[in-house]
Amino acid sequence: MGGEKKFYTLDEVSKHCDRKDCWLVIDGKVYDVTKFLEDHPGGDEVLLSSTGKDATDDFEDVGHSTAARAMMDEYYVGDIDKAFISAKSTKYTPPKQPQYNPDKTSDFTIRLLQFLVPLLILGLAFVVRSYTKSPTA
């Protein structure tokens, strides 16, 4: 990587989005991963789905090894020109969703049943044992 750094806009990078020419943006750096598509352990679709945007979150969510991070230098082609990143490309945070409870049963009812059902089974086992026990002579 001798010489000056090459800077690309996100629009320039997003033009490289197919199997014959695939570029990714990770941590503000641009990588040409075209030669790596066939060798990627997660398959080429994973890489292709991350083109045309900042793929940093996609990359970090997977938890790549240090060996994988070291391989990135081989595919480095330049940096993203921060001056061309629009205000719209700020990090997206999804809205908070309420906890899903399909049957709408309250937590108290569930905890009460978790306590009472085992006691009921134990009591039933005791009753069955006492009725089936033969009298001692």
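Just so we're clear, the structure is a prediction, and the values are computed from it rather than from any experiment. (Residues numbered from 1 in each chain as written. Predicted model: local features only at pLDDT ≥ 70, side-chain atom pairs only at ≥ 80, totals over all residues. Heavy atoms only, no water.)

J.: Looking at this structure, how should I read the sheet that holds strand β2 (residues 17–18)?
T.: As summarised here, the arrangement of the 5 strands in space is β1-β5-β4-β3-β2, forming an open sheet in which the pairing is mixed. Strands at the two margins of the open sheet, each flanked by one partner only, are β1 (7–8) and β2. (Pairing = 2+ DSSP bridges. Helix = DSSP H or I, 4+ residues; strand = E, 2+ residues; numbered from the N terminus.)

J.: Before we go on, may I ask you to explain a nonpolar patch on the surface in this structure?
T.: A cluster of nonpolar side chains, Phe 108, Leu 112, Phe 115, Leu 116, Leu 119 and Leu 122, forms an exposed patch at the surface whose accessible area comes to about 630 Å². The topology assignment puts Phe 108 in helix α5 (residues 107–132). By relative accessible area, Phe 108 is classed as exposed at 61%. (Patch = residues over 30% accessible without salt bridge, like charges linked within 9 Å, V, L, I, M, F, W, Y side chains within 5 Å. Areas by Shrake-Rupley, 256 points an atom, 1.4 Å probe, with all protein chains shown as cover. Salt bridge = Lys/Arg side-chain N within 4 Å of Asp/Glu carboxyl O. Buried < 20%, exposed > 50% of the residue type's maximum accessible area, 1.4 Å probe, protein only.)

J.: Just to check I follow, could you spell out a negative patch on the surface for this structure?
T.: Side chains of Asp 27, Asp 54, Asp 57 and Asp 61 sit close together on the surface and give a patch of like negative charge. Tracing the backbone shows Asp 61 in helix α3 (residues 56–62). (Lys, Arg positive; Asp, Glu negative; His and termini not counted. Charge placed at Lys NZ, Arg CZ, Asp CG, Glu CD.)

J.: I tried to follow unusual backbone geometry on my own but got confused; where do I start?
T.: Across residues other than glycine, the phi torsion is negative in most instances, and most of the peptide bonds are trans. If you check the backbone angles, Asp 27 has positive phi at about 55° while not being a glycine. Here Asp 27 lies in the loop between β3 (21–26) and β4 (29–32).

J.: Help me understand the side chain of Thr 56, please; the structure alone is not making it clear to me.
T.: Inspection of the secondary structure puts Thr 56 in helix α3. The exposure class of Thr 56 is buried, given its relative accessible area of 12%. Reaching out from Thr 56, the side chain makes a polar contact with the backbone nitrogen of Asp 27 at a distance of 2.7 Å. Residues contacting Thr 56, with those up to four places away along its chain left out, are Val 25, Ile 26 and Asp 27. (Polar contact = N/O pair within 3.5 Å; in protein donor to acceptor, adjacent residues only side chain to side chain. Contact = heavy atoms within 4.5 Å.)

J.: Just checking my understanding: could you explain the nonpolar core for this structure?
T.: When a protein is soluble and globular, its nonpolar side chains tend to lie buried together. Judged by nonpolar contacts, the single largest core of 14 residues is most densely connected at Ile 26, Tyr 31, Val 33 and Leu 47. Contributing elements (two or more residues each) for this core: β3 and α2 (44–48). Looking at which element gives the most residues to this core, the answer is β3, with 3 residues. Beyond its immediate sequence surroundings of up to four residues, Tyr 31 is in contact with Cys 22, Trp 23, Leu 24, Ile 26, Met 72, Tyr 75, Tyr 76 and Val 77. Core analysis: the next-biggest nonpolar cluster, separate from the first, contains 6 residues, Tyr 8, Val 25, Val 30 and Ile 80 among them. (Core = buried A, V, L, I, M, F, W, Y, C linked by side-chain atoms within 4.5 Å.)

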